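One-letter residues, chain by chain:
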Amino acid sequence: VQLVESGGGLVQPGGSLRLSCAASGFTFSSYSMSWYRQAPGKERELVAAITSAGGSRNFADSVKGRFTISRDNAKNTVYLQMNSLKPEDTAVYYCHALVTDYWGQGTQVTVSS
């Protein structure tokens, strides 16, 4: 099983990034997927989740209206579109298949001027 995140980087406040997570080694389309993040000195927190067919999405209150989660089951990929980024969004972002122990290695997002 592999979950490989990409798309992180340094962005100015108010900017946008799109994270991708490419999955392999399991039946991606059968699992709800999620994005978590962990900032220095803080616990890992759920950012967004999407059901297996993409029909339902949930977001942390802190990112509602700014972040969107989507998936392409044909490409075994889940995305996190992040808009209007704030310095407090700075963290390592992880892809996770819900109800499993499948985690990606993380991608760093830094929001700073």
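This structure is a prediction, so every number in the text was calculated from the model and none was measured.

So, about the pairing of strand 5 (residues 45–50). Sheet topology places strand 4 (residues 33–38) next to strand 5; five bridges connect them, and they run antiparallel. The residue of strand 5 that forms the bridge with Trp-35 is Ala-48. Sheet topology note: the strand 5/strand 6 (residues 57–59) ladder contains three bridges and is antiparallel. Pairing of Ala-48 across the sheet is with Phe-59, part of strand 6. What sits between strand 5 and strand 6 in their antiparallel hairpin is a turn of six residues, with Gly-54 showing a positive phi close to 85 degrees.

With antiparallel pairing, the four strands of this open sheet are ordered in space as 1-3-8-7. Two strands lie at the open edges of the sheet, namely strand 1 (2–6) and strand 7 (67–72), each paired on one side alone. The sheet shows a mean angle of 15 degrees between the axes of neighbouring strands, direction not considered. Judged from the five bridges that link them, strand 1 and strand 3 (residues 17–24) form a sheet pairing that is antiparallel. Counted as the bridge partner of Val-4 is Ala-22 from strand 3.

It is worth spelling out the packing of aromatic side chains at this point. The final tally for this structure, using the stated rule, is six aromatic pairs. Between Tyr-36 and Trp-103 the ring centres are 5.0 Å apart and the planes differ by 65 degrees, which places this aromatic pair in the edge-to-face class. Note that Tyr-36 is positioned in strand 4 and Trp-103 in strand 10 (residues 102–103), a separation of 67 residues in sequence. Exposure remark for Trp-103: the relative accessible area of 34% places this residue in the partly exposed category. In textbook terms, an aromatic cluster arises when at least three aromatic residues are bridged by ring pairs, as seen for Phe-26, Phe-28, Tyr-31 and Tyr-102. Positioned over the ring face of Tyr-94 is Arg-44, at 3.8 Å from the centre of the ring. Over the ring of Phe-28 we find Arg-71, and its NZ or CZ is 4.4 Å from the ring centre.

Core analysis: the largest hydrophobic core is formed by 28 residues, its most contacted members being Met-33, Trp-35, Val-78, Leu-80, Met-82 and Tyr-93. Among the elements of the structure, strand 3, strand 4, strand 5, strand 7, strand 8 (77–82), strand 9 (91–97) and strand 11 (107–111) are those that each provide at least two residues to this core. Those residues within four positions of Val-78 in sequence are excluded, and the remaining contacts are Leu-19, Ser-20, Cys-21, Phe-28, Met-33, Trp-35, Ile-50, Ile-69, Ser-70, Arg-71 and Cys-95.

Rules behind the numbers
Residues numbered from 1 in each chain as written. Predicted model: local features only at pLDDT ≥ 70, side-chain atom pairs only at ≥ 80, totals over all residues. Heavy atoms only, no water. Pairing = 2+ DSSP bridges. Helix = DSSP H or I, 4+ residues; strand = E, 2+ residues; numbered from the N terminus. Axes fitted to C-alpha atoms, helices over the stretch in contact; angles between N-to-C directions. Phe/Tyr/Trp six-rings, centres within 6.5 Å; stacked < 30°, edge-to-face > 60°. Buried < 20%, exposed > 50% of the residue type's maximum accessible area, 1.4 Å probe, protein only. Lys NZ or Arg CZ within 6 Å of the ring centre and 35° of its normal. Core = buried A, V, L, I, M, F, W, Y, C linked by side-chain atoms within 4.5 Å. Contact = heavy atoms within 4.5 Å.

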